[in-house]
Amino acid sequence: MFNLYNEPLADKNIYSRIKQLRENLPNSFLMFNSNGDYVNTDVLNNLSEIGLNALFITLHPPINKSYKLDDRLQDFQKFFKKLNISKVEISEPLENGHIESNIDWNGMRLRIMANDWSKYGNSRAGTVNSLNASETRTSPCVRPLREFTISYNGDVFPCCQFFPDIEENQKYIIDNVSSTSIFTIYASNILAKWRKSLFTFGNKASPCDSCRDEDFSKLESWKLRESTLNRLRNL
């Protein structure tokens, strides 16, 4: 995934980067998120031709305007018109106001969506106070196991919820890929502790305690999770 709090299509080098990765990692799944500002039919054709697998587009409300479902639906139609798409199926609005549409664009998955982030957004490791969870997080989190997050300058963070440029987040830097391999960093004691702390149910420590990132772990899995940790302790 090519983005972390940035708009990849604002950089014209994104095309050469995708080509470079596709040539060197032919079996990899390449994707990124976009706000849609730079998206048009030519851009989508170029991205699909050079091997991008998926593009996720979020249509946000204008700055200082609240999320309204009717406005988002109108923006969906405007966006489809820009792409010369006359008819697209939009998912039924859910209770949380989320809507999305999925399109196959020459073999590339195009996912267009809108969410009310003021209600369901994440606090970004506690730095966006208005989005902090009202209760301490108790559910597990798969992000440190599933993801490897590298910022623009090579710093590695526990997950993608950390803003790289915020001073208070600097203490959470794990290492830097310019000096240490990704395999060594992933297997480090520091990241292992993060994964261990988020693997089971129970109160989470800061900054994860304020995170409301959705997790789909079932409560009945807690015994299996605990026994797994116990086996690891005995190794």
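Analysis parameters
- Residues numbered from 1 in each chain as written.
- Predicted model: local features only at pLDDT ≥ 70, side-chain atom pairs only at ≥ 80, totals over all residues.
- Heavy atoms only, no water.
- Core = buried A, V, L, I, M, F, W, Y, C linked by side-chain atoms within 4.5 Å.
- Buried < 20%, exposed > 50% of the residue type's maximum accessible area, 1.4 Å probe, protein only.
- Helix = DSSP H or I, 4+ residues; strand = E, 2+ residues; numbered from the N terminus.
- Contact = heavy atoms within 4.5 Å.
- Salt bridge = Lys/Arg side-chain N within 4 Å of Asp/Glu carboxyl O.
- Pairing = 2+ DSSP bridges.
- Axes fitted to C-alpha atoms, helices over the stretch in contact; angles between N-to-C directions.
- pLDDT = per-residue confidence, 0-100.
- 1 Å grid on protein atoms, 1.4 Å probe; cavity = no way out; pocket = protein on both sides within 12 Å on 5 of 7 lines; lining within 4 Å.
- Points joined across faces, edges and corners; volume = space filled by probe spheres on them.

A. Molecular detail of the nonpolar core. L47, L55, F80 and L110 are the most contacted members of the largest nonpolar core, which totals 30 residues. Listing elements by their share of this core, those giving two or more residues are α1 (14-24), α2 (41-50), β2 (54-58), α3 (69-82), β3 (99-105) and β4 (108-114). With near-sequence residues (within four places) excluded, L47 lies in contact with L9, Y15, I18, F32, L52, L55 and M108. Counting 13 residues, the second-largest nonpolar core is a separate cluster that includes A125, C141, C159 and F162.

B. The pattern of salt bridges, seen in detail. Counted under the stated rule, the structure contains 5 salt bridges. One salt bridge connects E100 with R111, and the closest N-O pair in it is separated by 3.0 Å. Highlighted residues: E100 in strand β3 and R111 in strand β4, separated in sequence by 11 residues. Between E147 and R143 there is a salt bridge whose closest N-O contact spans 2.6 Å. Taken as a pair, E147 and R143 share a single burial class, namely buried. Because the salt bridges share partners, they merge into one network encompassing R143, R146, E147 and D213.

C. Representation of the sheet that holds strand β1 (residues 31-34) within the structure. Overall, mixed pairing links the 4 strands, which are arranged β1-β2-β4-β3 in an open sheet. Sheet topology places β1 and β3 at the edges, where each strand pairs with a single neighbour. Between one strand axis and the next, the sheet turns by 15° as a mean value, whatever way the strands run. Judged from the 7 bridges that link them, β3 and β4 form a sheet pairing that is antiparallel.

D. Local environment of the sheet that holds strand β5 (residues 149-150). Strand order across the open sheet formed by 3 strands is β5-β6-β7, with antiparallel pairing between neighbours. The sheet is open, and its two edges are formed by β5 and β7 (175-176), each paired on a single side. In this structure, β5 lies alongside strand β6 (residues 155-157), joined through 2 bridges in antiparallel fashion. Across the sheet, the residue bridging to T149 is F157, located in β6.

E. How the structure looks around the confidence of the model for the protein. Of all residues in the protein, 100% attain a pLDDT of 70 or more, and the chain-wide mean is 93. Summarising per-element confidence for the protein, the mean pLDDT is lowest in helix α4 (residues 117-120) (85) and highest in β7 (98).

F. Geometry of empty space enclosed by the protein. This structure, assessed with the given rule, holds 1 cavity of 30 Å³ or more. Of the voids in this model, the largest cavity is the one considered here, and its volume is about 130 Å³. Contributing to the lining of the largest cavity are 15 residues, with C159, F162, L198, C208 and C211 lying nearest its centre. Looking at the lining of the largest cavity, the elements with two or more residues in it are α5 (143-146) and α7 (189-199).

G. Summary view of the environment of A114. Position of A114 among the secondary structure elements: in strand β4. Along the sequence, A114 and F76 sit 38 residues apart, while their C-alpha atoms lie 8.8 Å from each other.

H. Highlighting unusual backbone geometry. For the peptide bond that leads from S206 to P207, omega is 5°, which places it in the cis range. In this structure, P207 sits in the loop between α7 and α8 (222-233). Residue N64 is not a glycine yet carries a positive backbone phi of 70°. Even without being a glycine, N84 presents a positive backbone phi close to 60°. Mapping N84 onto the fold places it in the loop between α3 and β3.

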